[in-house]
Amino acid sequence: MTIHQLSIFVENKQGTLIKVLQLLKEANVQLIASTIADTVEYGIYRIICSEPDRAYEILRDQGISVALSEVFALELDDKVGRAADTLALFSKEGINIAYMYSFLLHGKGILVFRTDNEQHTREVIEKADLKFIPEKDLSKY
Amino acid sequence: MAVWNYTKECMSADERAALQGRRLHRVVEYVYHNTPFYRSKMQELGLEPNDIQTVEDIVKLPYTTKQDLRDNYPFGLQAAPKSEIVRVHASTGTTGKPTIVGYTRKDIGIWSEIVARAFTSFGVSRDDAFSVAYGYGMFTGGLGAHYGIENLGATVLPASTGNSEKHARLIHDLEITGIACTPSYALHLAETMEKMGYDKSELKLRIGAFGAEPWTESMRKEIESRLGLKAYNIYGLSEIMGPGVSYECECQEGSHINEDHFFPEIIDPKSLSPMGRDEVGELVFTTLTKEGMPLLRYRTRDLCTLMSGECPCGRTFVRMGRILGRSDDMLIIRGINVFPSQIESVILSMPEFEPQYILIVDRVDNLDSLQIQVEIRPQFFTDDVRTIESFQKRLADKIRSVISINAVVRVLFPGSIERSQGKGNHVIDNRILK
């Protein structure tokens, strides 16, 4: 139901992103999706990649502020309104989305998000029998 | 222009030296018998009160520092019994301990006298109405100016700081003729009045008494042209008394020190040896008449000169030049004394941050601002922006409770602050003081 995501603390300054990406490249880790949330002073760079545990260790050992967290990753059919219908399920239950982004994997739409109540979110996903992607699908392709 | 106390302010050099010698002997005798701190210091030096008879003998006495006040917190250097103390002021101090100064009724009377001298020297009379916009409360600025102006007989509007719009309206409506505040607050007020649409020609302002923070000739000109008044400098420090220790006259060539109450010296801050007239060094004061907390040779850490020559205004009190800097790392932000070590101790108390920081002081819209840059520790970094923001807020709250200033906390990537060998320079002061 959840997959691992790397969250990297980045300063709004030239060269910070390229350093992270270069390290992942050298370690032969594939980037699958990424997004930057920025405040005025700093950003949080969130990455979905192959071998997140190994990638986490590599970045940490290089002195980069990185956290490994679990996020929900649902698979959505390629049809109009799927995201709206899915989010409505959580909204009805009073669950708030902290952040969300999406990407395509093997031609399928993937919705990645984090909520303010992890347990409750799991129950909603099980009850509605929503499709989610297992982490093994994120290995290199 | 008028002189408040001609007998004292214009006394001859010989007369003054004789008076200072008598008063110095008396205060030394007084602290020897009433302040254990000074008695033991003098005993270590083999000194007795009778060894101090004239002003030349002052060099035999020990120095007093801010650290001594801290070590003897809160009342260790107070000489008068508690029953004689009628007021206590507290200023910010390093490592969270404020400096406590107790005043007897006589001290308050002398303070009111010296402030009346200063304001008379600025041209203030009983017909003036003065707005005091220094902070009232534990800070000496507000009440110090207030009592002196009342003593002089002019009207006081105790405006204190904050609520600039209401203040601006009252300056206009009540036909206020003078204002006492920090120079940066004066500029802030000028801006407020301009925004509200008041033209300086509609105002009755004519005299400004500014102090509590360093300022410059260009700031003086700007304040004068924007508020349509003549701006004077008033200097003081709470350890010695508060505002009024020295003041400008109409000549505006340095500030006259009230030498019948405070004996000034300039010393080399490194060798501690006395320096001559017109040489830049650290200003040192001995209180000659104080009862509550008399201090011997208190090191102000302010760097300036004592000027030679006579002032055309007729006052014979020695003049001190503009404050050129500090011999320690104290910053004055919005008139509040801030030591980087105070902020450092707050940062060290929060495990979320590395013990590295940079303080950036700036002046935005004529008000001082303080930004604190800190590095978040890698193990405290989370995916959640709100958690990081809560660290920032907690640090800002703690800082405010220690120095009473709202600082902006900026979180940096670990390792982004350059590590320096030994005691680094953590302060960037972008305020241009020319």
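Residues numbered from 1 in each chain as written. Chains lettered and ligands numbered in written order. Predicted model: local features only at pLDDT ≥ 70, side-chain atom pairs only at ≥ 80, totals over all residues. Heavy atoms only, no water.

**Q** Sorry if this is basic, but what is going on with the pairing of strand β12 (residues 298-304) of chain B here?
**A** Note on strand geometry: in a regular strand, side chains alternate between the two faces of the sheet. Residue and element names in this part refer to chain B. Here β12 lies mainly inside the structure; 6 of its 7 residues are buried. The sheet contact formed by strand β11 (residues 281-287) and β12 spans 4 bridges and is antiparallel. Paired with Val284 across the bridge in β12 is Arg299. (Buried < 20%, exposed > 50% of the residue type's maximum accessible area, 1.4 Å probe, protein only. Helix = DSSP H or I, 4+ residues; strand = E, 2+ residues; numbered from the N terminus. Pairing = 2+ DSSP bridges.)

**Q** It is not clear to me how the interface of chain B and chain A should be interpreted in this structure. Could you clarify?
**A** Buried accessible area, meaning the area lost when the parts come together, often serves as the stated size of an interface. Taken residue by residue, the interface counts 17 residues in chain B and 21 residues in chain A. In total, chain B and chain A occlude about 1500 Å² of area from one another, counting both sides; carbon and sulfur atoms represent 59% of this. Of all residues in chain B, the largest losses of buried area upon contact with chain A belong to Phe381(B), Asp383(B) and Phe413(B), amounting jointly to 51% of the total for that side. Summed over the shared surface of chain B and chain A, the result is 2 salt bridges. Here Arg46(A) makes a salt bridge to Asp383(B), at a shortest N to O gap of 2.6 Å. Linking chain B with chain A are 4 residue pairs in polar contact (both at pLDDT 80 or more), by the criterion used here. Looking at the side of chain B that touches chain A, the elements that each hand over two or more residues are α11 (385-403) and β19 (408-412) of chain B. No other element matches α11(B), which puts 5 residues into the side of chain B that touches chain A. For the side of chain B that touches chain A, the class distribution of residues is 10 nonpolar, 3 polar and 4 charged. (Contact = heavy atoms within 4.5 Å. Buried area = accessible area lost by both parts, 1.4 Å probe. Salt bridge = Lys/Arg side-chain N within 4 Å of Asp/Glu carboxyl O. Polar contact = N/O pair within 3.5 Å; in protein donor to acceptor, adjacent residues only side chain to side chain. Nonpolar A, V, L, I, M, F, W, Y, C, P; charged D, E, K, R; others polar.)

**Q** Looking at this structure, I do not really get the state of the cysteines. What am I missing?
**A** Cysteine pairs can be linked by a disulfide, which is a covalent bond between their two sulfur atoms. Applying the stated criterion across every chain yields a total of 0 disulfides over all chains. Here Cys311(B) stays free of any disulfide, with the sulfur of Cys249(B) as its closest cysteine sulfur at 3.6 Å. (Disulfide = S-S within 2.5 Å.)

**Q** Where do I start with the environment of Arg400(B) in this structure?
**A** Structurally, the position occupied by Arg400(B) is in helix α11. Spatially, the C-alpha atom of Arg400(B) lies 17 Å from that of Phe353(B), the residues being 47 residues apart in sequence.

**Q** Before we go on, may I ask you to explain unusual backbone geometry in this structure?
**A** Across the chain, the bulk of peptide bonds are trans and the bulk of non-glycine residues have phi less than zero. Residues and elements named next belong to chain B. Between Tyr73 and Pro74 the backbone carries a cis peptide bond, its omega angle lying at -5°. Locating Pro74 in the fold gives a position in the loop between α4 (66-71) and β1 (85-91). For Arg334, which is not a glycine, the phi torsion comes out positive at approximately 50°. With respect to the helices and strands, Arg334 occurs in the loop between β15 (331-333) and β16 (336-338).

**Q** Hey, could you run me through the packing of helix α5 (residues 105-121) of chain B against helix α6 (residues 140-152) of chain B in this one?
**A** The relative placement of two packed helices comes down to the angle between their axes together with the axis-to-axis distance. Residue and element names in this part refer to chain B. Packing of α5 against α6 leaves a shortest axis separation of 7 Å and a crossing angle of 75°. Judged by the inter-axis angle, α5 sits roughly perpendicular to α6. Contact with α5, carried on its side by Ile108, Trp111, Ser112, Glu113, Val115, Ala116, Phe119 and Thr120, involves Thr140, Gly144, Ala145, Tyr147, Gly148, Ile149, Asn151 and Leu152 of α6 and no other residues of that element. In terms of residue class, the contact of α5 with α6 is built from 9 nonpolar, 6 polar and 1 charged. (Axes fitted to C-alpha atoms, helices over the stretch in contact; angles between N-to-C directions. Parallel < 35°, antiparallel > 145°, perpendicular 65-115°, else oblique.)

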